[in-house]
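Tertiary structure, described
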Amino acid sequence: MGTVPDKIWTWRMVQPTTFNKETKESTPGKLEKEQIPVPELQPGEVLVEIAGCGVCHTDLGYFYDGVPTVSKPPLALGHEISGTVVAGDSAWVGKEVIVPAVMPCRKCILCKTGRGNRCLDQKMPGNSLGVYGGFSSHIPVPCIDLCEVKGRGNIPLAHLAVVADAATTPFQAAKRASLQPGDNVIIVGIGGGVGQYMGQIAKALGAATVVGIEVDEEKLKRALQFGADYVINAKGKDAGAVSKEFRGLCKEKGLPATGWKIFEITGAKGGQEVALTLLSFTGKLIVVGFSMAKIEYAIGRLMAFDAEIIGTWGCLPEHYPVVLDMVLEGRINIEEFVQTRPMSSIAEAFAEAHKAPPLKRIVLTPDF
Ligand SMILES: [Zn+2]
Ligand SMILES: [Zn+2]
């Protein structure tokens, strides 16, 4: 069990990468190691000693791509956190926990009507929790939404950080899609940090068929072992070509032409175009990945198809124990999809993940 520290070590984003539109010059972002005071814990708050914090595409968006954080820099990024409670509410001290990436206010109309995952007053470490984020030794968080980890066997606590975001976001997406046993599912971007969990979760929830689409051959091969029944390599193909290949697959394998639930995970324009092109009669498109890209689409098709397009954001904390159980029971594999690195190598880890999405998600473990 950890001890209460005098200070918190933290890697703060002092400034994000900036781009000057006139001079076309970009100034690299800056991460700096600092010590900050341990805040006085408020009632209902605990201090978590961080075991691991995952590097998410969202962190890279803040650091490299001009996506603004709610709390202005300097702040620590990182919202995919597991750790051990070392101070605060005595009922929690000593427990291993996962910190939900999104913690609702529990007071507003959205929270009261079951839509707390998109609460506008929500707190997200490494974004809207003041200066506090997961790329730190410790973090103060409200305890109401914490997910206790019990019976993790040989799975390192640090690896379970991915349950805080990468593995739970797809579960919420499946809920938004009203995914039922027997459903047929397409996952655009099945190879990525979130996409591969989408495949595993869809299958674990009883999907009859999972078709994975991706541009990386190695990730496609892996997807076939973890959830996907069939895969389509979309590399170098436009949306029309992918759609044609998909129709061919349906014909060849005797799959239905209607009612597909399509999860768009890439957040890239190309992936979104593929997803929209695949959307057909009585289908549902669930937008899981984020981008600012604009796409032209004849929305009248939704009428003609009796189809839907739905967005999904984060995951309600109440779903976390369900997802954690699925991981601990082996229905969702995380071990094949996680690698740990010392937190002191955060700059290199960011640069590497920014250059190309890693085959296994990088979880940073505090060494400072
Ligand atoms: Zn994330
Ligand atoms: Zn709320």
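Before reading further, recall that the structure is shown in the block above.
Notes on the structure follow. (Residues numbered from 1 in each chain as written. Chains lettered and ligands numbered in written order. Predicted model: local features only at pLDDT ≥ 70, side-chain atom pairs only at ≥ 80, totals over all residues. Heavy atoms only, no water.)

1. Quick word on the overall build of the chain
So the rule is basically this: Going along the chain from the N terminus, every DSSP run of H or I of four or more residues is numbered as a helix, and every run of E of two or more is numbered as a strand. A 1.4 Å probe rolled over the protein chains alone gives each residue an accessible area, and that area as a share of the maximum for its type sets the label: buried under 20%, exposed over 50%, partly exposed in between. Residues scored as charged are limited to Lys and Arg (positive) and Asp and Glu (negative), so that His and the chain ends carry no count. The location of each charge is read from NZ of Lys, CZ of Arg, CG of Asp or CD of Glu.
Scanning the chain from N- to C-terminus turns up 10 helices and 18 strands. Across its three principal directions, the C-alpha atoms of the chain cover 65 × 55 × 40 Å. Of all 368 residues assigned to the chain, the portion counted as buried reaches 52%. The averaged location of the 39 negative side-chain charges in the chain is 5 Å from the averaged location of its 38 positive side-chain charges.

2. Focus on the sheet that holds strand β11 (residues 184-188)
This is how the line gets drawn: Pairing between strands is defined by DSSP: at least two bridges between the two strands are required. To define axes, lines are fitted to C-alpha atoms, for helices over the stretch in contact only, and angles between the resulting N-to-C directions are given on a 0 to 180 degree scale. Residues count as neighbours in contact if any of their non-hydrogen atoms are within 4.5 Å of one another.
Spatially, the 6 strands line up as an open sheet ordered β13-β12-β11-β14-β15-β16, and their pairing is parallel. The strands lining the two open edges of the sheet, one partner per strand, are β13 (230-233) and β16 (308-311). Each strand axis lies, on average, 20° off the axis of its neighbour in the sheet, ignoring direction. Of the pairings in the sheet, the one linking β11 to strand β12 (residues 209-214) comprises 5 bridges and is parallel in character. Residue pairing across strands places Ile186 opposite Val211, the latter belonging to β12. Running over the sheet, helix α5 (residues 217-225) touches β12 and β13 and is turned about 170° from β13.

3. Observations concerning the coordination of the zinc ion (ligand 2)
What counts, and what does not: Each metal's donors are the N, O and S atoms within 2.8 Å of it, or within 3.2 Å when it is Na, K or Ca, and because water is not part of the set, sites may look incomplete. The rule is simple: four donors are tetrahedral if all their angles sit between 85 and 135 degrees, four are square planar and six octahedral if opposite donors span more than 155 degrees and the others lie between 65 and 115, and anything that fits none of that is irregular.
Protein-derived coordination of the zinc ion (ligand 2) comes from Cys105 (SG), Cys108 (SG), Cys111 (SG) and Cys119 (SG), at a distance range of 2.3 to 2.4 Å. Each of the 4 donor atoms bound to the zinc ion (ligand 2) contributes to angles spanning 102 to 114°, and the resulting shape is tetrahedral. Along the chain, the residues that donate to the zinc ion (ligand 2) are spaced as C-x2-C-x2-C-x7-C.

4. Quick look at the packing of aromatic side chains
We count it as follows: Each pair of aromatic rings taken from Phe, Tyr and Trp, with Trp reduced to its six-membered ring, is defined by centres within 6.5 Å and is described as stacked if the planes are under 30 degrees apart, edge-to-face if over 60, and tilted in the remaining cases. Only lysine NZ and arginine CZ atoms are considered, and such an atom sits over a ring when it is within 6 Å of the ring centre and within 35 degrees of the ring normal.
In total, this model carries 9 aromatic pairs according to the counting rule given. Note on Tyr197 and Phe337: the rings are 6.1 Å apart at their centroids and 55° apart in plane angle, and the pair reads as tilted. One end of the pair, Tyr197, is in helix α4 (residues 195-204); the other, Phe337, is in the loop between α9 (320-328) and β17 (338-342), and 140 residues separate them in sequence. Each member of the pair, Tyr197 as well as Phe337, is classed as buried. Between the aromatic rings of Phe226 and Phe337, the centroid separation amounts to 5.0 Å while the plane-to-plane angle is 80°, which identifies the pairing as edge-to-face. Highlighted residues: Phe226 in the loop between α5 and β13 and Phe337 in the loop between α9 and β17, separated in sequence by 111 residues. Here Phe226 and Phe337 have matching classes, each one buried. A network of ring pairs unites the aromatic residues Phe63, Tyr64, Phe135 and Phe350 as a single cluster. Just above the ring of Trp92 sits the side chain of Lys95; from NZ or CZ to the centre is 5.5 Å. Positioned above the aromatic ring of Trp313 is the side chain of Arg118, whose terminal nitrogen or guanidinium carbon lies 3.8 Å from the ring centre.

5. Things to note about the packing of helix α6 (residues 239-253) against helix α7 (residues 269-278)
We apply this condition: Under this scheme an angle from 65 to 115 degrees is roughly perpendicular, one under 35 degrees roughly parallel, and one over 145 degrees roughly antiparallel; angles in between are oblique. Helix crossings get a hand from a simple test, with the near helix turned counterclockwise from the far one by less than a right angle marking a left-handed crossing and a clockwise turn marking a right-handed one. Three residue categories are used. Nonpolar comprises Ala, Val, Leu, Ile, Met, Phe, Trp, Tyr, Cys and Pro, charged comprises Asp, Glu, Lys and Arg, and polar comprises the others, including Gly.
The contact between α6 and α7 brings their axes to 9 Å, and the two run at 45°. In terms of orientation, α6 and α7 fall into the oblique class. When the axes of α6 and α7 are compared, the crossing they make is right-handed. Within the contact between the two elements, α6 uses Ala239, Val242, Ser243, Phe246 and Arg247 and α7 uses Glu273, Val274, Thr277 and Leu278. Of the residues contributing to the contact of α6 with α7, the split by class is 5 nonpolar, 2 polar and 2 charged.

6. Here we look at the nonpolar core
For clarity, the cut-off: What makes a nonpolar core is a set of buried Ala, Val, Leu, Ile, Met, Phe, Trp, Tyr and Cys residues whose side-chain atoms join them at distances within 4.5 Å.
Membership of the largest hydrophobic core comes to 49 residues, with the highest contact counts inside it found for Ile98, Leu160, Tyr197 and Phe263. Residue assignment for this core shows that the elements contributing at least two residues are α3 (169-176), β11, α4, α5 and α9. Judged by nonpolar contacts, the second largest core, of 41 residues, contains Ala87, Trp92, Phe135 and Cys143.

7. Notes on the environment of Lys33
Summarising the element assignment, Lys33 is placed in strand β4 (residues 30-37). Expressed as a C-alpha distance, the spacing of Lys33 and Met13, which sit 20 residues apart in the sequence, is 9.1 Å.

8. Considering the pairing of strand β1 (residues 7-15)
Pairing analysis gives 8 bridges linking β1 to β4, with the strands arranged antiparallel. Bridged to Gln15 within β4 is Lys30. Relative to strand β6 (residues 75-76), β1 runs antiparallel, the two being bridged by 2 bridges. By the bridge assignment for β6, Arg12 is matched with Ala76.

9. Some points on unusual backbone geometry
Each neighbour pair has its own omega, and for Pro73 with Pro74 the value is 0°, a cis peptide bond. Structurally, Pro74 is set in the loop between α1 (57-64) and β6. In this structure, Lys24 takes a positive phi of about 60° despite not being glycine. Looking at where Lys24 falls in the secondary structure, it is placed in the loop between β2 (18-20) and β3 (25-27). Owing to a relative accessible area of 61%, Lys24 belongs among the exposed residues under this scheme. Despite not being glycine, Thr282 shows a phi value in the positive range, around 55°. Secondary-structure assignment places Thr282 in the loop between α7 and β15 (284-287). Assessed through its relative accessible area of 47%, Thr282 is described here as partly exposed.

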